[in-house]
Amino acid sequence: MHIDGLTTIVGVFGAPIMHTASPAMHNAAFEALGMNWVYLAFHVDPQHLRTALQGAREMGLVGLNLTVPHKILALDCLDEIDPEARKVGAVNTIVIEKDKTRGFNTDGSGFLKAVKEDFNLSIKGKRVLVLGAGGAGRGIAVKCALDGAAKVFVANRTLAKIEPIAREIASTKSEFQSLALTVDAIQKVIHEVDLVVNATSVGLKEGDSLGLGAELFSPRQHVYDTIYRPAETQLLQVAESAGAKVANGLSMLLHQGARAFEIWTKRKAPLAVMRRALRAAIYGDKS
Ligand code: ATR
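Here goes a summary of the coordinates provided. (Residues numbered from 1 in each chain as written. Predicted model: local features only at pLDDT ≥ 70, side-chain atom pairs only at ≥ 80, totals over all residues. Heavy atoms only, no water.)

### Points about the site of the ligand
(1) Moving on: Surrounding the ligand, one finds 15 residues, the nearest of these being Ala136, Asn156, Arg157, Thr158 and Lys161.
(2) Moving on: Here Gly135 contributes a backbone N or O atom positioned 3.1 Å from an oxygen atom of the ligand.
(3) Moving on: Within the backbone of Ala136, an N or O atom sits 3.0 Å from an oxygen atom of the ligand.
(4) Moving on: Expressed as a share of its isolated accessible area of 640 Å², the protein-covered part of the ligand is 69%.
(5) Moving on: Taken atom by atom, the bulk of the ligand overlaps the largest pocket.
(6) Moving on: Tallied by class, residues from the shell around the ligand come to six nonpolar, seven polar and two charged. (Near = heavy atom within 4 Å. Polar contact = N/O pair within 3.5 Å; in protein donor to acceptor, adjacent residues only side chain to side chain. Areas by Shrake-Rupley, 256 points an atom, 1.4 Å probe, with all protein chains shown as cover. 1 Å grid on protein atoms, 1.4 Å probe; cavity = no way out; pocket = protein on both sides within 12 Å on 5 of 7 lines; lining within 4 Å. Sits in = over half its atoms within 2 Å of the grid points. Nonpolar A, V, L, I, M, F, W, Y, C, P; charged D, E, K, R; others polar.)

Here you go:
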């Protein structure tokens, strides 16, 4: 990578615990297209997000990604919010122009592309169970409803966090049902659903388990885990042992990044290059 005075900079603002593979993916894409652009990661404390955004604009950055918790805080810090980002309640991509900042959300469209690619599944008319009601869970649940899911179930440990999702989905044609994140509650509905999505952080740590057994899954189901490290969570292992089709969150990370790339650069994202860079950064693959 060669950085000079004419280099165009995009970045990602993350919490100090941030561990992101996005720089590898975007920098590989810039290089493949011969662009003099660079993607840099910055640790930004949530309380300094507003001033950091101001600084980014003054330093001439042209765009940003945001990680948790900045995705939600940013709604109050930008000049314009794309309607979909407003609906899903989070911004993960920012375009910085001379006179204004604009926020977008590419996680939802990244998720839809991911399940299309991994399962050849379109959400329209499907029944989806989303586990988790944090930023990722909300984005996925609302995007499924916007894309014509017949029914969306959201299960969460903290029931109150499901309320804003229920309100948003009420304005779509999808049916909605909330439930507690317990085996009892889930086993009552899981046989109805085509797609189960884990959007909780359970599975990130070795030995983490949601407690869902193989008897809950069947070969007609698709199970997507937004977690990509480890590559196979306990949920995916169990679902796969029951014959369900399974995929992890790498494809969502790739497609949200590709969409962000296209928003910033107005060029088609080199998907194969980006996927290879992500796999190398996350799994150490050299293929
Ligand atoms: P993200 O933006 O990645 O979704 P988040 O907003 O912090 O991150 O959300 C984390 C999700 O994982 C939430 O649904 C959270 O449940 P609560 O809303 O009840 O906190 C869920 N989660 C985290 N740890 C959990 C655990 N040990 N058991 C069940 N759910 C858990």
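### What about the pairing of strand E10 (residues 195–198)?
(1) Moving on: Every second residue of E10 is oriented toward a common face, with Leu195 and Val197 on one face and Val196 and Asn198 on the other, all of them buried.
(2) Moving on: Here strand E7 (residues 127–131) runs beside E10; their pairing, made up of four bridges, is parallel. The residue of E10 that forms the bridge with Val130 is Val197.
(3) Moving on: As paired elements, E10 and strand E11 (residues 222–225) share four bridges and run parallel to each other. Residue Val196 lies in a different strand from E11, and its bridge partner there is Val223. (Buried < 20%, exposed > 50% of the residue type's maximum accessible area, 1.4 Å probe, protein only. Helix = DSSP H or I, 4+ residues; strand = E, 2+ residues; numbered from the N terminus. Pairing = 2+ DSSP bridges.)

### Considerations on the pairing of E11
(1) Moving on: Here E11 shows two buried faces, one formed by His222 and Tyr224 and the other by Val223 and Asp225.
(2) Moving on: For E11 and strand E12 (residues 245–248), the ladder comprises four bridges, and the chain directions are parallel. Bridging across to E12, Tyr224 finds its partner in Ala247.
(3) Moving on: On the question of chirality, the crossover connecting E11 to the parallel E12 by way of helix H9 (residues 234–241) is right-handed. (Right-handed = clockwise from strand over helix to strand, strands pointing away.)

### Remarks on empty space enclosed by the protein
(1) Moving on: Counting across every chain of the model gives one cavity of 30 Å³ or more.
(2) Moving on: Each pocket or cavity is described by its volume, and for the largest cavity that value is around 70 Å³.
(3) Moving on: What lines the largest cavity is simply Asn198, Val202, Gly203, Asp208, Ser209, Leu210, Gly211, Leu212, Asp225, Thr233, Gln234 and Leu235. (Points joined across faces, edges and corners; volume = space filled by probe spheres on them.)

### Looking at the environment of Trp37
(1) Moving on: Relative to the assigned elements, Trp37 resides in strand E2 (residues 37–43).
(2) Moving on: Note on Trp37: relative accessible area 19%, which makes it buried.
(3) Moving on: Apart from the residues within four sequence positions on either side, Trp37 is in contact with Thr7, Thr8, Val10, Asn27, Phe30, Val62, Trp264 and Thr265. (Contact = heavy atoms within 4.5 Å.)

### Structural notes on the pattern of salt bridges
(1) Moving on: Taken as a whole and judged by the stated rule, the model has 12 salt bridges.
(2) Moving on: Put simply, Lys100 and Glu97 hold a salt bridge, and the shortest N to O gap is 3.7 Å.
(3) Moving on: Classification of Lys100 as partly exposed rests on a relative accessible area of 23%.
(4) Moving on: Residues Asp194 and Arg220 are paired through a salt bridge, measuring 3.2 Å at the closest nitrogen-oxygen approach. Within this pair, whereas Asp194 is found in the loop between helix H8 (183–189) and E10, its partner Arg220 is found in the loop between E10 and E11, the two being separated by 26 residues in sequence.
(5) Moving on: A relative accessible area of 41% means that Arg220 is categorised as partly exposed.
(6) Moving on: Look at the salt bridges and you will find they share partners, linking Glu80, Glu97, Lys100 and Arg102 into a network. (Salt bridge = Lys/Arg side-chain N within 4 Å of Asp/Glu carboxyl O.)

### Quick word on the packing of aromatic side chains
(1) Moving on: Here the structure, examined in full by the defined rule, presents six aromatic pairs.
(2) Moving on: Each ring, one from Phe13 and one from Phe42, has its centre 5.9 Å from the other, and the planes form 90 degrees; the classification is edge-to-face. A residue pair is termed long-range when its members are at least 10 positions apart, and Phe13 in strand E1 (residues 8–14) and Phe42 in strand E2 qualify at 29 residues.
(3) Moving on: By relative accessible area, Phe13 is classed as buried at 3%.
(4) Moving on: Take Phe42: its relative accessible area is 27%, and that puts it in the partly exposed class.
(5) Moving on: Their ring planes at 85 degrees and their centres at 5.7 Å tell us that Phe111 and Tyr224 sit as a pair that is edge-to-face. One end of the pair, Phe111, is in helix H5 (residues 107–119); the other, Tyr224, is in strand E11, with 113 residues separating them in the sequence.
(6) Moving on: By relative accessible area, which is 0% here, Phe111 ends up buried.
(7) Moving on: Taking relative accessible area as the criterion, Tyr224 reaches 0% and is therefore assigned buried. (Phe/Tyr/Trp six-rings, centres within 6.5 Å; stacked < 30°, edge-to-face > 60°.)

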